[in-house]
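Architecture and fold: a report
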Amino acid sequence: MNFLSIFVFIPLLMLLGLWLVKGQKGIRAVMVIGSTALLASAICLTVQFLADRAAGNTAEMLYTASFSWFEPLHIYYSVGVDGISVAMLLLSGIIVFTGTFVSWDMCKEYFLWFTLLSLGVFGFFISIDMFTMFMFYEVALIPMYLLIGVWGTGKKEYSAMKLTLMLMGGSAFLMCGIFGIFYGAGGQTMNILDIANLQNGAHAIDISQQYIWFPMTFVGFGVLGALFPFHTWSPDGHASAPTAVSMLHAGVLMKLGGYGCFRIAMYLMPQAANELAWIFLILTGISVVYGAFSACVQTDMKYINAYSSVSHCGLVLFALLMINQTAATGAVIQMLSHGLMTALFFALIGMIYGRTHTRDIRELNGLMRIMPFLSVCYVIAGLGNLGLPGLSGFVAEMTIFVGSFQHEETFYRVLTIAACSSIVITAVYILRMVGKILFGTCTNEHHLKLTDATLVERFPVIVLICCIAGIGLAPFFVSDLVNGGVTPIIEHIGYVASKSNPFL
Amino acid sequence: MDYSQFLYMREELSLLLVILILFVADLFMCPDKKSGKGVYNTALPVVLMSVLTIVNLLPCCGAQACEAFGGMYQYAPMMTIVKSVLNIGVILVFLMAHGWLSRPENKVKQGEFYIVTLFTLLGMYFMISSGHFLMFFIGLELASVPMCALIAFDKYRYESAEAGAKYILLALFSSALLLYGISFIYGGTGSLYFSQIGALLSGNSLLSLLGLTLFLAGMGFKISLVPFHLWTADTYEGAPTVVTSYLSVVSKGSAAFVLFTVLIKVFSVGQLFTDWNIGLFWIIIASITIANLFALRQKNLKRFMAFSAISQAGYLVLGAMGGTAQGMTAMVFYLLVYLVANFGAFAVINVVEQNSGKLGIADYNNLYQTNPKLAFLMTLCLFSLAGIPPFAGFFSKFFIFMAAFNAGFRLLVFIALVNTIISLYYYLLIVKAMYISPNDQPIPTFRSDNYSRAALIICLLGVVLLGIAGWVYNYIDTLSYGLDTIL
């Protein structure tokens, strides 16, 4: 078996281990060992990948391997990684690792579904076969129902059902799109790289077919990437989910959407991606601005963060649709940065909620004196979110907006300027929330006796902050890694499109 | 006459042998009247059927398609696969039935249950391998008349007898329709042999169109497709749970496969090919959509499973669209996966009913707290029915949609996909009841009997492994045939 399959095997072993062990200690041991192993493998992979790239290995995907699965249907279990997937695997490793510590007191069944969710996420990022990818995508979606429905808070049944049905609705579109791509490209291979290469030859997907399957695939993944108007599952889902699930969901799962849009929809149907980008640019533009405005009027801390996620994930799709090198690199960095920040945010909100038993910002104030550690971290997370230089948000948004503005047409520039306004709105809601709950004097007597974070709680928070500051202070490592992955895809989209369109 | 022709029918003959063994065994092993203990038990029929399945499957590798009795009986290696799938279903039924049959009122009837069930199976065998409409009709009747006895097996229970009466009336009605259709075909061609009709049937005459329509209607009753599904919910609710599971999978699956083979063998000349595709197109859309909408509001779990089964039958028949070899593979694989998942769900319903007598969906509230393993198994089976990976149902749904898409029915695939969301909603309602909804008096903790456990373990293994183990699909694919690949 290939080295990459370890990302599937470790979660499988964890599932087996969880099934066998008894008692809270055993469960914790399995989870900590497993998630550490995942993180370690992700780091090893990154180091190895960078070394191989430095050694001059310029193949589009590294460590590829294929195993026959359903031969008559040309379905293979194929794996391989490029810069984007490596970055996403690293992100998933970090979030799963920290998520384990955040859900320290949970029971066995919770961790079973949690691990199944991580299995789906890791499997998705290593696959390069459309079938395998789609399978892992759905594996990652369904545990959410039970995780939110059983261990969530608030109107959890409603949120869990809404989230599951909307995301599964998306995947129904997606399945149609995958069939369309597969048969449109001659029905000979499900491998993404092979299909992309076919397009220069005889089996290009017909442009009229692309017009049908591109919107289907893009919307299918877009639902998960919080594309307006299909984003409504996200605020309810995030608000009702238990802390670690919110972290994993907003941090990693929403990235599946952006990644899929880029890797399948745009990469495999470049002509349609160029022609139809304007429709989706408008929709994502709405996501960006509308999400930010919605966050301003929320009073629940989780809702604020959830709408902020809609806004930031909208920015990812927005940048990808600009189809240029800089913006796409920015989009991937934004995925990383948003994943880490939002995970940090949700972790902190969970810890504060665990103490105060309310997330309503009208009932909270003066927490800085009572729990200084959590409050300081909260401020850091907020500043990262609004794009303060030195933290990861700045790097990502700067790259995105610079890249987007490079587009020469007025329409795109106007949209970019409109999207830029989200930075200001973000500052409004973040500063308002931070000022309201952290500063001032505490008026609630019950809150005065609360304690600061325990060691188990501090650990994941510190890890996340280090990662955020790391990207912010030394962005070149990440951006080199990502850039290498983005370049061939963007070139491919531009190249094939220019071949077909005489006016470009 | 060449008596070696009987060797082609070895599957039917060996099943007959099993029936005879059980018949004799029933004489000697009937319950001891003094102690009231049943000596005759589940083990014997299960072992016999397992041996039969293995013996059938062994020589299947390398077997050739052939005909016997001048084309009355036709054999293709694929039929062995389908029959073995049905065998697995029967084995599961026998395992599940143990608890129900050891009740005092049923103890004396154990032997009859096995024999009657196996007779319906024999009917399905003949139906699958028939090469002549008469043979086909005899098989069909052999499969449906004893079925009525099974449905009314709890004869002192009012609902069971009522369901039996409803079933026999509608089964006869559908048989009449079918016969009427066959008579049109005979009138048009002067032959009842499948191999001859194909060539003789004229593509656009009214006679053949009427024949086709009535044939579809008759089969629609057997597979319980909308608009011929009206008997389903009542019969499923009234029949003993074990029999309901048998009806919903084995009986339905065999009829769907036969529909496929007869359509491609007989009705695929000229305009008729288009006609049946259009007919099935609307039947499938109606079955999936209407059954899904009805399932949303059900309160009784068996009625719920009835509507779920109608919609699943719609997906099953999706494989027949276009009559391709890929469709046949997808259909048989779907049947196998549906069989383990549906039997798994029914096995849980059955043990819960045996131990607590409860069947309402609301009674399952908080089952997870008292019987976590059963709730977990039920969840996996429902996920598989809804088509969620990594369970087998995802693979079978994907493949059947893929086959229909490849055959060119893209709109149909899209509508069916949208319907999977509705079905996911109602399957999740059961999961929600078991895991989330509070309940003051959940079903008390109990231990299910060992035979039911064995059935549950087989279903669990099937649900988890059938999809991931790709060789099952690949093996079925080597044997399948269709309009595009003549065997």
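In this text, all values refer to a predicted model and were calculated from it rather than measured experimentally. (Residues numbered from 1 in each chain as written. Chains lettered and ligands numbered in written order. Predicted model: local features only at pLDDT ≥ 70, side-chain atom pairs only at ≥ 80, totals over all residues.)

Let us now look at the overall build of chain A. Counting its secondary structure elements, chain A contains 21 helices and two strands. Relative to the 2.2 N^0.38 estimate, which gives 23 Å for 504 residues, the radius of gyration of chain A is 22 Å and therefore close to what a compact globule would have. By residue count, 61% of the 504 residues in chain A fall in the buried class. The contacts in chain A between residues at least 6 apart in sequence include a share of 80% that link residues at least 24 apart. (Helix = DSSP H or I, 4+ residues; strand = E, 2+ residues; numbered from the N terminus. Rg over C-alpha atoms; globule rule 2.2 N^0.38 Å. Buried ≥ 20, exposed ≤ 12 C-beta atoms within 10 Å, placed from the backbone. Contact = placed C-beta atoms within 7 Å.)

Next up on the list: the overall build of chain B. Of regular secondary structure, chain B possesses 20 helices and two strands. The C-alpha atoms of chain B give a radius of gyration of 22 Å, which matches the 23 Å a tight globule of 487 residues would have. Principal-axis analysis of the C-alpha atoms gives chain B an extent of 65 × 55 × 40 Å. Residues classed as buried in chain B amount to 59% of the 487 residues present. Taking contacts inside chain B between residues at least 6 apart in sequence as the whole, the part at least 24 apart equals 79%.

This part is about the confidence of the model for chain A. Scored by pLDDT, chain A has a mean of 86; 97% of the residues are at 70 or more. Mean pLDDT in chain A bottoms out at helix α19 (residues 445-448) of chain A, which sits at 76, and peaks at helix α5 (residues 130-141) of chain A, which reaches 91. (pLDDT = per-residue confidence, 0-100.)

What follows deals with helix α9 (residues 207-224) of chain A. All names here are of chain A. Taking 1.5 Å as the rise per residue, α9 with 18 residues should run 26 Å; its terminal C-alpha atoms sit 26 Å apart, in good agreement. A bend of about 25 degrees at W213 is the largest found in α9, and the proline P215 appears one to four places after it. All of the buried residues along α9 are Q210, W213, F214, M216, T217, F218, V219, G220, F221, G222, V223 and L224. One or two steps after α9, the chain reaches A226, where phi turns positive at roughly 60 degrees. (Expected span 1.5 Å × (residues − 1). Bend = angle between axes of the 7 residues up to and from the residue.)

Turning to the pairing of strand β1 (residues 62-70) of chain A, a few remarks are in order. Residues and elements named next belong to chain A. Looking at chain direction, β1 and strand β2 (residues 75-81) are connected through six bridges and run antiparallel. Counterpart to S68 in the pairing with β2 is Y76. The antiparallel pairing of β1 with β2 creates a hairpin that spans four residues between the two strands, and H74 there sits at a positive phi of about 60 degrees. (Pairing = 2+ DSSP bridges.)

Opposite the 26 residues of chain B that make contact, chain A presents 25 residues. The leading source of residues in the side of chain B that touches chain A is helix α18 (residues 410-435) of chain B, at 11 residues. Considered class by class, the residues forming the side of chain B that touches chain A number 20 nonpolar, four polar and two charged. (Nonpolar A, V, L, I, M, F, W, Y, C, P; charged D, E, K, R; others polar.)

To continue, consider the packing of helix α17 (residues 392-406) of chain B against α18(B). Axis angle and axis distance: for two packed helices, these are the angle between their axes and the distance between the axes, and together they describe the pair. Residues and elements named next belong to chain B. Between α17 and α18, whose axes approach to 8 Å, the crossing angle comes to 155 degrees. As the angle between them shows, α17 and α18 are arranged roughly antiparallel. Classified by chirality, the crossing of α18 by α17 is right-handed. On the side of α17, the interface is formed by K397, F401, A404 and F405, while α18 contributes R410, L412, V413, A416, L417 and T420. Of the residues assigned to the contact of α17 with α18, the class counts are seven nonpolar, one polar and two charged. (Axes fitted to C-alpha atoms, helices over the stretch in contact; angles between N-to-C directions. Parallel < 35°, antiparallel > 145°, perpendicular 65-115°, else oblique. Left-handed = near helix turned anticlockwise from the far one by under 90°.)

What follows concerns the environment of L367(A). Residue and element names in this part refer to chain A. With respect to the helices, strands and loops of the structure, L367 is situated in helix α15 (residues 367-370). Distance from L367 to G285, taken between C-alpha atoms, is 35 Å for residues 82 residues apart in sequence. With residues near it in sequence (within four places) discarded, L367 still touches S375, I437 and L438.

Before going further, it helps to examine the pairing of β2(A). β2(A) sits mainly inside the fold: seven of its seven residues count as buried. Neither face of β2(A) is open: one carries I75(A), Y77(A), V79(A) and V81(A), the other Y76(A), S78(A) and G80(A), and all of them are buried.

Residues L348(A) and M331(B) are the most contacted members of the largest nonpolar core, which totals 388 residues. If you tally residues by element for this core, the top one is helix α14 (residues 325-356) of chain B, at 22 residues. In this structure M331(B) touches A256(B), F257(B), F260(B), L316(B), G319(B), A320(B) and I400(B), once residues within four positions along its chain are discounted. (Core = buried A, V, L, I, M, F, W, Y, C linked by C-beta atoms within 7 Å.)

Moving on: the packing of helix α12 (residues 271-295) of chain B against α18(B). Residues and elements named next belong to chain B. Interhelical geometry of α12 versus α18 gives an angle of 15 degrees and a closest axis separation of 9 Å. Taken together, α12 and α18 sit at an angle that is classed as roughly parallel. Between α12 and α18 the crossing geometry is left-handed. Across the interface between the two elements, F281, I284, I285, I288, T289, N292 and A295 from α12 touch L412, I415, A416, N419, I422, S423 and Y426 from α18. Residues of the contact of α12 with α18, tallied by class, amount to 10 nonpolar, four polar and no charged.

With that out of the way, let us pick up helix α3 (residues 83-102) of chain A. Over its 20 residues, α3(A) runs 29 Å from end to end, which matches the ideal 28 Å to within 8%, given 1.5 Å per residue. Of all 20 residues in α3(A), 20 are buried; the element is thus mostly enclosed.

In this section: unusual backbone geometry. Note that the residue after F228(A), namely P229(A), is joined by a cis bond; omega there is 0 degrees. Mapped onto the elements of the fold, P229(A) is located in the loop between α9 and α10 (233-240). The peptide bond linking P389(B) to P390(B) adopts the cis configuration, its omega dihedral lying at 5 degrees. Tracing the sequence through the fold places P390(B) in the loop between α16 (372-386) and α17. With a phi close to 60 degrees, H357(A) is a non-glycine residue in the positive phi region. Residue position: H357(A) is located in the loop between α14 (325-356) and α15.

Let us now look at the confidence of the model for chain B. Within chain B, residue pLDDT values average 87, and 96% of them lie at 70 or more. On the interface metric, ipTM, the complex scores 0.90, and its pTM is 0.93.

Okay, the environment of F7(A) next. Residue and element names in this part refer to chain A. Note on placement: F7 falls in helix α1 (residues 6-20). The class for F7 is buried, based on 24 C-beta atoms found within 10 Å. Counting along the chain gives 34 residues from F7 to S41, while the straight-line C-alpha distance between them is 7.7 Å. Among residues more than four places away in sequence, those in contact with F7 are L38, S41, L89, F122 and I126.

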